[in-house]
Amino acid sequence: MSRNVRRRFTSTASLSIIYALTGLALVPLGLVLWFTVTKGLPAVVHPEFFYNSYRPVGVPGAGVAHAIAGTAIMVGLASLMAIPVGVLGGVYLAEYDRAGWASWVRLASDVLVGTPSIAVGLFAYALVVAPLHHFSGIAGSVALAILMLPIVIRTTEGAVSLIPGGLRESGLALGLPRWRVSLQLILPAASPGVITGALLAVARASGETAPLLFTGFGNLIFRLDPTQPLAALPLFVYHNALTPYKSLQEQAWGAALVLVVMVLGINLVSRWVLRRQIRLAGQL
Amino acid sequence: MSAAPTLRRAPDRFRTFTAVVAWAAPAALVLIVLILLQQAAPAVRRFGFGFLTGSDWNPVTDSFGALPAIFGTVATSGLALALSLPVGVAVAVLLAEQGHAKVRGVIGTGIELLAAIPSVVYGIWALYVLAPFTLEHIETPLVDRLGFIGFLSGPPRQTSLLTASLVLAVMILPTLTAISRDVIRAVPRGLRENSVALGATWWETTWRVILPAARAGIFGATILGLGRALGETIAVTMVIGNRYEIPHSIFYPAYTLASVIANEFTEATGTLYPAALVELGLVLILVTLAVNVVALLLVRSTQARMAA
């Protein structure tokens, strides 16, 4: 076998190995989805799963309404805190300060994305729970807001940077002050990208467990008061999965299925919105 | 003709306002570290550096040392990286330059969705699917054949250092892949064309030209993945076995910094016990901060150098 034949063979073989490894990488995704759906469906097919709350083991008709409500409240409050701050911060980075000091803000945001969420939970505990002597939904939403903030900042910055300078210049040429150009021309034009960032942040926050362990804490009854401990879907999955009771485990799988459908749904929608943004920015 | 009216520049209040708001992110980061430092103070004062080297963890005698948790964190993350890195780079090479664009799009989306799945879902999956599988098809055969080697000795268990590392490997794969793909894409096309023009095969070009050029960036991606693995809490807590000891074998239960906090913080009473747990958190966050900063700078400098 000549040297060249061997070289070509090596090349083809290595390419096949790379394809095989890529297939291997997708196996966990398939398996996680498969087991979540097949093990979660038996719980989810009962409609009361969505409107009933906790029932003791053995009592039929248990549901996760309390956990859905808790997640909605905590993620909602966190969004109210993180999204406006993140959007304005992103506008600042893209519109005013592309180099200079802003690179510190950028680095800090990226580092914050990688900060262990359990540490953020400890922070929220010290900041909110300890002074009030009380676990609460508010403490949970503070922790979630910190985890959402950097995602919103960076995606907003990206979306605003895509808007071509011509739009900015025409606004300024018409005599609009800069803040109106930013808020009334640039932001609306960038809105699909901004919405994508907000959606991704919401998806991330909805799936977080660790920072809620000692802030939102969890709770068994249907409750809408954020000054009290609140349940959350991820917490529900975590606690129930670790119990020895089959029925509770089944509910945990059901709640996991709800989470996965929600989070992956949000991700796919935001992807679609973002593609529109890129097309739109190309037309401007 | 009179002179043109001089433009009076009003102070741009909107700029100032958004600037202040944008600094919320760095402020949060600094505040997190400071508050954790303050909360950990009693333990820091009491144990000093001995906290990092001590291996006792006993709330009854108020004796706390972080070594087993540090060991478990480093061991699970290291093993996860070793498993995930070859796969991640292979996928990145494929996504960066091989195959049909549609296929790449589907694979890329699939890998990114892996990152979006909440860690508690990985946790429940690892506990009920991966752990039994690992016990039966990985640990048992390995112990039977290679059990005489210290770190592969039995008995095999469902919840172990290995199971935790496996689930971590899956969870950091998207980070590794996405960033490696970006740095490989940033390698100038000319390099590849020149290599092919000289008669190199696809593999020779990739292995000897592209990957070396992207090396620093791939290293950065690896460290970012490491940062993720170090801080991951829930999925690990569910399958690592939660034993505060330095394990003798990868099939033994262990503990990580994050899982100790997750399991014990709500039950910690007194002054020293919660402070010691927060100090574990402080160790964790300082390490991940350092790791993340180094990694981000590496990735950015590689991309900037390629663009130049």
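Residues numbered from 1 in each chain as written. Chains lettered and ligands numbered in written order. Predicted model: local features only at pLDDT ≥ 70, side-chain atom pairs only at ≥ 80, totals over all residues. Heavy atoms only, no water.

A. The arrangement of the overall build of chain A in detail. Helix and strand counts for chain A stand at 10 helices and 0 strands. Taking the principal axes of the C-alpha coordinates as reference, chain A spans close to 75 × 70 × 35 Å. When each of the 284 residues of chain A is scored for burial, the buried share is 54%. Put simply, 73% of the contacts in chain A that link residues at least 6 apart link residues at least 24 apart. With an accessible surface of roughly 12000 Å², chain A has 70% of that area assigned to carbon and sulfur atoms. Counting 19 positive and 9 negative side-chain charges, chain A places the averaged centre of each group 14 Å from the other. (Helix = DSSP H or I, 4+ residues; strand = E, 2+ residues; numbered from the N terminus. Buried < 20%, exposed > 50% of the residue type's maximum accessible area, 1.4 Å probe, protein only. Contact = heavy atoms within 4.5 Å. Areas by Shrake-Rupley, 256 points an atom, 1.4 Å probe, with all protein chains shown as cover. Lys, Arg positive; Asp, Glu negative; His and termini not counted. Charge placed at Lys NZ, Arg CZ, Asp CG, Glu CD.)

B. Highlighting unusual backbone geometry. Residues and elements named next belong to chain B. Look at Asp 62: it is not a glycine, yet its phi comes out positive at around 55 degrees. Along the chain, the position of Asp 62 falls in the loop between strand E1 (57-58) and strand E2 (63-64). Positive phi, normally seen in glycine, also occurs at Asn 242, with a value near 50 degrees. In this structure, Asn 242 sits in the loop between helix H11 (234-239) and helix H12 (257-264).

C. Local environment of the pattern of salt bridges. Scanning the model with the defined rule gives 12 salt bridges over all chains in all. The residue B:Glu112 makes a salt bridge to A:Arg271 at a minimum N-O spacing of 3.0 Å. In this pair, B:Glu112 is assigned in helix H5 (residues 101-116) and A:Arg271 in helix H10 (residues 246-283), connecting two distinct chains. Its salt-bridge partner being B:Glu112, residue B:Arg181 comes within 3.6 Å of it at the nearest N-O pair. Of this pair, B:Arg181 sits in helix H7 (residues 161-186) while B:Glu112 sits in helix H5; the two residues are 69 residues apart in sequence, bridging distant segments of the chain. By relative accessible area, which is 15% here, B:Arg181 ends up buried. With a relative accessible area of 30%, B:Glu112 lands in the partly exposed category. Shared partners join several salt bridges into a network, and the residues in it are A:Arg106, A:Asp110, A:Arg154, A:Glu157 and B:Arg300. (Salt bridge = Lys/Arg side-chain N within 4 Å of Asp/Glu carboxyl O.)

D. Representation of the environment of A:Gly70 within the structure. Residue and element names in this part refer to chain A. Relative to the assigned elements, Gly 70 resides in helix H3 (residues 65-95). According to the relative accessible area criterion, Gly 70 is buried, its value standing at 0%. Linking Gly 70 and Gly 23, residues 47 residues apart in sequence, is a C-alpha distance of 38 Å. In contact with Gly 70, not counting residues within four places along its chain, are Leu 230 and Ala 231.

E. Just the nonpolar core, in detail. In terms of nonpolar packing, the biggest core is built from 196 residues, with B:Trp57, B:Tyr122, B:Ile184 and B:Leu280 touching the most fellow members. Residues in contact with B:Ile184, not counting those within four places in the same chain, are B:Ala92, B:Val93, B:Ala96, B:Glu97, B:Ile210, B:Leu211, B:Ala214 and B:Ile218. (Core = buried A, V, L, I, M, F, W, Y, C linked by side-chain atoms within 4.5 Å.)

F. Layout of the interface of chain B and chain A. Facing the 75 residues of chain B at the interface are 80 residues of chain A. With both sides pooled, the region where chain B packs onto chain A buries about 6700 Å², and carbon together with sulfur makes up 81% of that total. Viewed at the interface, chain A and chain B are joined by 3 salt bridges. Two residues, B:Glu204 and A:Arg7, come together in a salt bridge whose shortest N-O distance is 2.6 Å. Joining chain B to chain A, the criterion identifies 9 residue pairs in polar contact (both at pLDDT 80 or more). Here the side of chain B that touches chain A is built from residues that sort into 53 nonpolar, 16 polar and 6 charged. (Buried area = accessible area lost by both parts, 1.4 Å probe. Polar contact = N/O pair within 3.5 Å; in protein donor to acceptor, adjacent residues only side chain to side chain. Nonpolar A, V, L, I, M, F, W, Y, C, P; charged D, E, K, R; others polar.)

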